[in-house]
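In case you want the letters, here they are:
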Amino acid sequence: MPTFSLERTPPLAPAEAWRRLTAWPRHADVVPLTRIVVLTAPPTHEGTRFVARSGVGPVTVDDVMEVTVWRPPVGDEPGLCRLEKRGRVVLGWAEIEVRPGPGGGSRVVWREELRIRFLPRLFDGVLNRTARLVFGRAATRLLRKAQRR
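Only a predicted model underlies this, so the values are computations on that prediction, with no experimental measurement involved. (Residues numbered from 1 in each chain as written. Predicted model: local features only at pLDDT ≥ 70, side-chain atom pairs only at ≥ 80, totals over all residues. Heavy atoms only, no water.)

### A short note on the sheet that holds strand E4 (residues 59-71)
Right, on to step 1. In space, the 7 strands of this open sheet follow the order E1-E7-E6-E5-E4-E3-E2, with antiparallel pairing throughout. Only two strands of the sheet have a single partner each, and these edge strands are strand E1 (3-8) and strand E2 (34-38). Across the sheet, the mean angle from the axis of one strand to that of its neighbour is 20 degrees, orientation sign disregarded.
Right, on to step 2. Helix H1 (residues 14-21) rests against E4, strand E5 (79-86), strand E6 (90-100) and strand E7 (106-116) of the sheet, and its axis sits at about 160 degrees to E6.
Right, on to step 3. The strands touched by helix H3 (residues 124-144) within the sheet are E1 and E7, with E1 carrying the most contacts at an inclination of about 25 degrees. (Pairing = 2+ DSSP bridges. Helix = DSSP H or I, 4+ residues; strand = E, 2+ residues; numbered from the N terminus. Axes fitted to C-alpha atoms, helices over the stretch in contact; angles between N-to-C directions. Contact = heavy atoms within 4.5 Å.)

Listed below in structure tokens is the structure:
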């Protein structure tokens, strides 16, 4: 099961980095061919569920996720969000950790364990490299992109 970790140090306060990374619908703006549907009422909390549907036309894959840990950063205390992947095809988990970083910015660590049901282990290396590339770009863009309020 491929597991990877990404780190970013944006010049954003931890609360702002957290807000940008956990605004689930914004992920569709930075992940190609993906739409996000949040299934539960806001605000996000433990138990929030959403679906990332990726693909084109009838060829799509649903990544159904549930928030199982929701601790936003407060003061010098780091924040942690854990998502469990609950779909039929995409399995595993993801964690987003945000803590104070250098110069008033943040240190973000995104960890993910990703498995595609029925995909032979032979493809773990390709899946790992692809996931690192896609999620690394997504994290960078979410943290860099200006957001309307």
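### As for the nonpolar core
Right, on to step 1. Counting 31 residues, the largest nonpolar core has Leu21, Trp24 and Leu83 as its most contacted members.
Right, on to step 2. Those elements that provide at least two residues to this core are E1, H1, strand E3 (49-56), E4, E5, E6, E7 and H3.
Right, on to step 3. Residue contributions to this core peak at 7 residues, all from H3.
Right, on to step 4. Sequence-distant contacts of Leu83, defined by excluding residues within four places in its chain, comprise Trp24, Phe50, Met65, Glu66, Val67, Gly92, Trp93 and Ala94. (Core = buried A, V, L, I, M, F, W, Y, C linked by side-chain atoms within 4.5 Å. Buried < 20%, exposed > 50% of the residue type's maximum accessible area, 1.4 Å probe, protein only.)

### Some thoughts on H1
Residue pairs three or four apart in sequence face the same way in an α-helix, which turns once every 3.6 residues.
Right, on to step 1. With respect to burial, H1 is a largely interior element, 6 of its 8 residues being buried.
Right, on to step 2. Buried residues of H1: Pro14, Glu16, Ala17, Trp18, Arg20 and Leu21, and no others.
Right, on to step 3. Against the buried residues of H1 lie helix H2 (27-30), E4, E5, E6, E7 and H3.

### Comments concerning the packing of aromatic side chains
Right, on to step 1. Counting across every chain of the model gives 4 aromatic pairs.
Right, on to step 2. Consider the rings of Phe4 and Phe135, whose centres lie 6.0 Å apart with planes at 15 degrees: the pair is stacked. On the criterion of sequence distance, the pair formed by Phe4 in strand E1 and Phe135 in helix H3 is long-range, its members being 131 residues apart. Each member of the pair Phe4 and Phe135 is classed as buried.
Right, on to step 3. Where Trp24 meets Phe50, the ring centres are 4.6 Å apart and the plane angle is 15 degrees; that geometry is what we call stacked. Remark: Phe50 occurs in strand E3 and Trp24 occurs in the loop between H1 and H2; sequence separation between them is 26 residues.
Right, on to step 4. Residue class for Phe50 comes out buried when judged on its relative accessible area of 3%.
Right, on to step 5. A connected cluster of aromatic rings, assembled from ring pairs, spans Phe4, Trp110 and Phe135. (Phe/Tyr/Trp six-rings, centres within 6.5 Å; stacked < 30°, edge-to-face > 60°.)

Geometry only, nothing functional implied.
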